[in-house]
Each structure stands twice: as structure tokens, then as C-alpha cells.
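# Structural overview for review
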Amino acid sequence: MKHSWKKIHKHVCQAVLAASVALTSLSAMAKADKIELGYPEKEELKFGFIKLTDMAPIAIAYEKGFFEDEGLYVTIEAQANWKVLLDGVIDGRLDGAHMLAGQPIAATIGYGTEAEIITPFSMDLNGNGITVSNDIWRQMKVNIPKMADGRPVHPIKADALKPVVEKYADEGKPFNMGMVFPVSTHNYELRYWLAAGGIHPGYYAPHKGDTSGQLDAEVLLSVTPPPQMPATMEAGTIYGYCVGEPWNQQAVFKGIGVPVVTDYEIWKDNPEKVFGITKQFAEKYPNTTIRLTRALIRAAKWLDENNNANRPEAVKILAQSNYVGADAEVIANSMTGTFEYEKGDKREVPDFNVFFRYNATYPYYSDAIWYLTQMRRWGQIDSDKPDSWYMDVAKKVYRPDIYEKAAQSLIDEKLMSSSDFPTLANEDGFRDPQTHFIDGIVYDGTKPNEYINKFSIGLKAGDKI
Amino acid sequence: MSAKLGQQLTAMLMPLVGVLCFLFIWSLSASQIETSLGKFPGPGAVVTQVGNLYNEHVSERGKEEAFYQRQEKRNAERLAKDPSYVVKVRAYTGKETFVDQIATSLITVLAGFLLAAVLAIPLGIAIGLSKALNSAINPMIQIFKPVSPLAWLPLVTMVVSAVYVSNDPLFAKSFINSMITVTLCCLWPMIIQTSVGVASLNSDWINVSRVLRLPALTHVRKIVLPATIPAIFTGMRTSLGIAWMVLIAAEMLAQNPGLGKFVWDEFQNGSSQSLSRIMTAVFVIGLIGYMLDRGMLLLQRWLSWDKASASR
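Residues numbered from 1 in each chain as written. Chains lettered and ligands numbered in written order. Predicted model: local features only at pLDDT ≥ 70, side-chain atom pairs only at ≥ 80, totals over all residues. Heavy atoms only, no water.

For the rest of this paragraph, the subject is the pattern of salt bridges. Counted according to the given criterion, the structure contains 44 salt bridges over all chains. In this structure, Arg347 of chain A and Asp345 of chain A form a salt bridge, with 2.9 Å as the shortest nitrogen-oxygen distance. Using a relative accessible area of 5% as the deciding quantity, one classes Asp345 of chain A as buried. Taking the shortest distance from any N to any O, the salt bridge between Glu56 of chain B and Arg277 of chain B comes out at 3.1 Å. Placement of the pair is Glu56 of chain B in helix H2 (residues 43-81) and Arg277 of chain B in helix H10 (residues 274-303), with a sequence separation of 221 residues. What makes Arg277 of chain B buried here is its relative accessible area of 4%. Taken together, the salt bridges that share partners define one network made up of Glu68, Asp69 and Arg298 of chain A together with Arg70 and Arg74 of chain B. (Salt bridge = Lys/Arg side-chain N within 4 Å of Asp/Glu carboxyl O. Buried < 20%, exposed > 50% of the residue type's maximum accessible area, 1.4 Å probe, protein only. Helix = DSSP H or I, 4+ residues; strand = E, 2+ residues; numbered from the N terminus.)

Pasting the structure below:
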């Protein structure tokens, strides 16, 4: 007995010693990290994207050599649709991709395809619009107040669309609109806009096997890949859609539709795409992960630098057929600070695409939580969750720790200055309560359940489909 | 004599007349069709795009050279810092030009086709030789033959991603996917034609083989194979034609590199040049399909047993 006690004592001593050695070496490693980043573990990477202007940071990081500066040899490949892209990242065909912010979140909570995907980098703010066909616009226009010069007053609310939708319902005709993916920003923005105007966009009920999102719907929303939106609307399958650029301006150029509202007007400076990688990739290749984040941060900064001075060059790059490929003048319309609504009605929207200002690249927990609140609001999350659950999911998916390391090392190497990251020193991962929504509702990321209960249309605490 | 000359003249002139008529009707109707991406491309637009695509190819090669120079410099710097570093040259990461896409598609179709030939011809011979084997396998062939390989594509994609796991793969997954899809559609015509050819072998030759008591393998090598070469080649020609059509569609669907992806990307771009670039690709696809068919025909004539015996 005595003997064994001695043995245990010895073991404990050894364990403590081993742990302290491990800790000191770990902290030494952490320090070494700050001084010099290691070489990337994986140098040849393949990134996927969808043909949209907000993939710009990836194209710029490639064309301006920021990836190569990090020792990364990146191939960039357009994908057919968001589903193919997500599957590509999950099965390893792609190392990372331009993603809808909802995709990593939905994958992590197991809505749709289940996989652990994280994001160290938020790609942009704003950049989407809602477009309706010429015919619907003609019917909406009579409900919209005019300015002195005869042009309609913006922002246009869905109130103007409501009588049109009611007319279709009276005639027994379904009112179809398109969005790009069930967990896309566009789905939530279109739903937000419709609901703010008193139009019900329908619920999801995944626990009952209903993933169409059309339960109780007054407007039927369905999935169409971004580049096909104008063609689908032209064919009359949908009467309108919510999509990123250049596919709203394309409708204006083709003369087939009118963008009625931008997402900037639905929620000023809303978070948009993210850069997604699998958790496994980040754990296996930590240096590669930090280095690719660094390249993307530098690209985002380049895009917004000197008051958007580089945007015309960016437009030329994006117009190449291997990137977005639309005509340069179509891309330029939104990328250079203006937006053309009805043909000839071009207005200033200086922040239509934001890539770096206003901490656009920082992966805020509060952004992730907003997406989760909308998933709950529309039934994709079928039951109530405590506030702490929202926080836990956000922490799993959004990884400001990686971002901060990347940003700090850029500052240390004098590639960027600390004034580029004004809030980096004491960032808690939450934006201040957001007040710029089209319906005036305030969003505080620390109180998701309270937020969900504020909406008149949508599931609230205790509701179940 | 003059009648013969007239015939020759007609034989030479008629194709030209046909092509000219086609070009005339095309350019006339193209100018009438107004799409939301502008006018439908006529012959002139296609010629312009051929020039554009070639220039893009040349400028991309220039970029490639610069890429390798930068890489060399970077490698040298790293070697100076870290002498244990094993220098690695990475392939160019820029976009695939139209010419690259043509090469990719051609390599894929030939790889899939050859794989199918290696599988199908021995199987076809075995089926042709043995009635029992034939009746055992025939139901499967009949069921799978009419299935479009594109229906297999989702299954192929999922299986390849699950099975073909390697850290440093020799071939890209997309290449394997396209190749297997091509193989699947090449298989059936080749098996069927080969087995029919073997089964309808001249009974005299079989009797000769019996009298000489040839061993089974020698029987196949000396009697069966030479006699069935025309049938095998008929099967190969049919399947290569189908394979080329299917490959383009598979590339469009699965976004695998190649001419199909080129067409789909251009469709998605929706720029004012997209339609004329797609039209150019259509002609290139047609021309390559035609050349593949001619190539198989030449090979068949060259290898055919009958012709060889006749010339002797």
C-alpha cells in the first residue's frame, strides 16, 4: 500500500513536470509565431468561387501576387452553383472557397449537408439587390411616391409590392421569386424585405422533411444559381429575385428588369460572403491558413485603398472570362460607387461594395448570430435555443483568433499599419447594436432571442411549425 | 471523257456550294435573331473570336513564363535562408486557355476510350466465344446500354471522391470522373460489336482451328482476332463518336475542365462576347469530332484483315 502511494506520488510529479515543460515550450512557440511565421504546410491550393463581383478579394490576391508573397500557389476555379462549391470544399476537391455566410453556419449545425466549416475572414459588406421584372415594376410603380423630378423615392419598401402579390393571389396565380440558396444571405434579405412590407415569404419545416420554405407563403421563393437569374426571369419562371452583383445591373443592361432595392437599404453595411475552409484543413495546415488570410486581408485593403482608387483596375480584372466575365461596364456600374436602378436612373451608392472599411473583413460573432436568428425566424432551426447556444455556434464557425494572428503579423512585418485595424486591440467580437434596418428594428447580437421576438412575421419563442 | 470531268467538277464544287449556302443562311438568320445579349453571332463574329481566343492563349503563355521566373527567384531565396529546403517547382496556376481546354478534352476522351477498349474487347471476345457467358451477361448489357452516362455521373462523382483518396494524387479527381463517364458510354457498343463479330466467325476457320488442335489462346490470337478486327473497329468508331458528345455534356454538368466547361463558363458570364465564343466552341467541337471519326476510319482501313488479303 505504501509502496503504491509512493508510485502515484512519483507519477503525479512526473505529470506536473511534463505539463510545465509542455506549457513553456508552447508559450515559446507562440512567441516564435509572433516574430516569424512558418512556411506554409500546403503550398498548392485550389479555391472555388461563384461568378459574382464580391469574389474580388480572391482574384486580387492572385493577380496582385499577394498569395505568392505568402508562398502559396493558388488555382482559382469558378463553380456551377453554391451546392457544388460547398460539396467541393467538404470532399477536399477545393481547399477553400468564397461562400455564403450562411453556408459554414448551416453546415456546422447540420442543416443541409453536415460538415465542420470555419471562416477566418469575412469577404465584404453589402453588394446585393432585389430586382423585379419590367411587368411587375410597372404594377408596383403606381404605389411608390415620386420625388420632384419624377423619379421614385428610395428606399422602396415591399409595401409597394403587396397589392401586386394580392392581385396575383386573387387570380389564383402563384407569385414566384428567386434566391440563390436556402441558407444564402439573399434568401434572408429577400424574406426580410418582404416581411417588412407585410408579405409572408413562408416557413421551413426540416423536422417534417419540408425544405421548400413555402409553408404559409404568399410569395414562393425558389433556388436559382446567380448567373442564371436574369435568364430565368426573362423566361418568366420567376417575377423577381435577390442576387449579388453584377446580376442586378445585368437585368438593367438587358432591359428585362428593374432593381428596386439594394441590401444596403435593407440593412446598412450588412455582412455578406465569407471565406470558408474546413476545420480539418485549418488544424492540419495552421501556417497555410494564416497565410491565406493575410493575402486576403491585403487584397481587401487594396480594393478600398485611397478612396476606391483601385476599383477601375479591379473591374478590368473581374471582367476577365475566368473570373466574373460579364462586360466591364456592367461590373463597373456597382463597383465604382453608383447603382443604376431603372434605366437612366443612376444614383450614388458609395458603399454599395465594401471590402475593407468599417472592419469589413473581421469575422464578427454577432454577424454569425444574425444569420442564426434568421434561420430560427424562418423555421430552418425548428425549436427554441438558449442565447448561449447561438454564442457557441458562432464561436465554432467564426474564428477571429486566426484573423487576429494574421492581422497582427501583417502589422509586425510592416505590411500594414495598426491604424488599418483600429479595433483590433480590444475587440470582443460583437458589433455595436445595429440600427439601420429598413423596418427600424434594432439588432443586438448579445440577445438573439429578444431580437427574434421583435418581428411581427416569423417564428418567435415557443413557436413550432 | 467530258462526262467524267463534269462528274469530277461536280464532286469538287458541290461541297463548296453547300458550305457557302450554309454560311449565307446562317449570317442572314443570325442578323434577325435579337437576344438579350445582343445579336446572335454570325460568321464574322466567330472569326473575330478565333483571333481573340488565340491571342488570349499567347498572352497567357507570357504570364506563365513570368510565373515560373518569379517562382525560381522565390525558391532561390528560400534555399539561401534554409539550405535543407528541397526545391519544388509547382505547375502554373493561371487560367486554362481555349487551346488548353481542347487538349484537356482530347486527353480525357482518349484515356476513357482506351480504358473502355481494354475492358470491352476481351469481354466481347469471351462473350462471343461462349454461349453460356453470353446469356449470363446479356441482360446486364441490355439494361445498362440505353442509360445515358450522364445519369451515372452523380454516382461516379460521389464514388470517386470517396474511393480515390490520396494526398498527392497522380490524376485530378475531375479527370477521373470525366474519364470514367466516357468509359461507361464506350463500353457497350464495343462489347456488343465485338461479340457479334466473334459469334459470326466463318465456320470453316473454326473447323481449321479444330483440325489443327490449336490451344485456346492461339485460337483467339491467330483465328478470332484477325477475323473480328473490322467488327471491333466498327464498335470503336461508334463508341468514340458517342464518347465525344457525352464528354462535352459531362464537363458542362460537373464543371470538369475541358471544352464543356468553357461553354458553360461563357454561358454564365453573359458578356456581350459570350454567344460568339460559344458558337466558336461549337464549331471546334464539331471539327474535332469529325477528325476523331476520320482517324478511326483510317486506322480501321489500315488494320483491316480483308483489305490486306485483297491487296496480296
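Looking now at the packing of aromatic side chains. Applying the stated criterion across every chain yields a total of 39 aromatic pairs over all chains. Summarising the aromatic geometry, the rings of Tyr362 of chain A and Tyr403 of chain A are spaced 5.2 Å apart at their centres and angled 75° between planes, so their arrangement reads as edge-to-face. One end of the pair, Tyr362 of chain A, is in the loop between strand E16 (353-354) and helix H16 (365-377); the other, Tyr403 of chain A, is in helix H18 (residues 400-412), with 41 residues separating them in the sequence. Residues Phe67 of chain B and Tyr92 of chain B carry aromatic rings whose centres are separated by 5.2 Å and whose planes lie at 75° to one another, so their mutual orientation is edge-to-face. With Phe67 of chain B in helix H2 and Tyr92 of chain B in the loop between H2 and helix H3 (98-129), this pair connects stretches of sequence that are 25 residues apart. (Phe/Tyr/Trp six-rings, centres within 6.5 Å; stacked < 30°, edge-to-face > 60°.)

Residues and elements named next belong to chain A. The strand order E2-E1-E3-E13-E4 describes an open sheet built from 5 strands, whose pairing is mixed. Edge positions in the sheet fall to strand E2 (73-78) and strand E4 (117-122), since each has one partner strand and no second. The sheet shows a mean angle of 30° between the axes of neighbouring strands, direction not considered. The pairing of strand E3 (residues 96-99) with strand E13 (residues 274-278) spans 3 bridges and is classified as antiparallel. Counterpart to His98 in the pairing with E13 is Phe275. (Pairing = 2+ DSSP bridges. Axes fitted to C-alpha atoms, helices over the stretch in contact; angles between N-to-C directions.)

Following the sequence through the fold, Thr361 of chain A ends up in the loop between E16 and H16. Beyond its immediate chain neighbours, meaning those up to four positions away, Thr361 of chain A contacts Phe121, Ser122, Ala300, Phe355, Phe356 and Tyr403 of chain A. (Contact = heavy atoms within 4.5 Å.)

Paired through their backbone hydrogen bonds, the strands of a sheet run either parallel or antiparallel. All names here are of chain A. With respect to topology, 5 strands assemble into an open sheet ordered E10-E7-E11-E6-E12, the strand pairing being mixed. The two strands at the open ends of the sheet, each matched to only one other strand, are strand E10 (220-223) and strand E12 (257-262). Neighbour-to-neighbour, the strand axes of this sheet turn through a mean angle of 25°, independent of strand direction. Bridge count between strand E6 (residues 128-133) and E12: 5 bridges; the pairing is antiparallel. Bridge pairing in E12 places Gly129 opposite Thr262. Of the strands in this sheet, E6 and E12 touch helix H6 (residues 134-141), which is tilted by about 90° from E6. Against the sheet, helix H8 (residues 185-196) touches E6, strand E7 (176-179), E10, strand E11 (240-244) and E12, its axis set at about 65° to E6.

Turning next to the packing of H3 of chain B against H10 of chain B. Between two packed helices, the angle of one axis relative to the other and the distance separating the axes together describe the packing. All names here are of chain B. Running from amino to carboxyl end, H3 crosses H10 at an angle of 35°, the nearest separation of the two axes being 12 Å. In this structure, H3 meets H10 at a crossing whose hand is right-handed. Residues Phe98, Ile102, Leu106, Val109 and Phe113 of H3 touch H10, and the partners they reach there are Ala281, Val284, Ile288, Leu292 and Met296. A per-class count over the contact of H3 with H10 returns 10 nonpolar, no polar and no charged. (Left-handed = near helix turned anticlockwise from the far one by under 90°. Nonpolar A, V, L, I, M, F, W, Y, C, P; charged D, E, K, R; others polar.)

Turning next to the pairing of E2 of chain A. Residue and element names in this part refer to chain A. In terms of burial, E2 is largely enclosed, as 5 of its 6 residues are buried. Judged from the 6 bridges that link them, strand E1 (residues 44-49) and E2 form a sheet pairing that is parallel. Residue pairing for E2: Leu45 is matched across the bridge by Val74.

Read these as layout, nothing more, since geometry by itself doesn't imply function.
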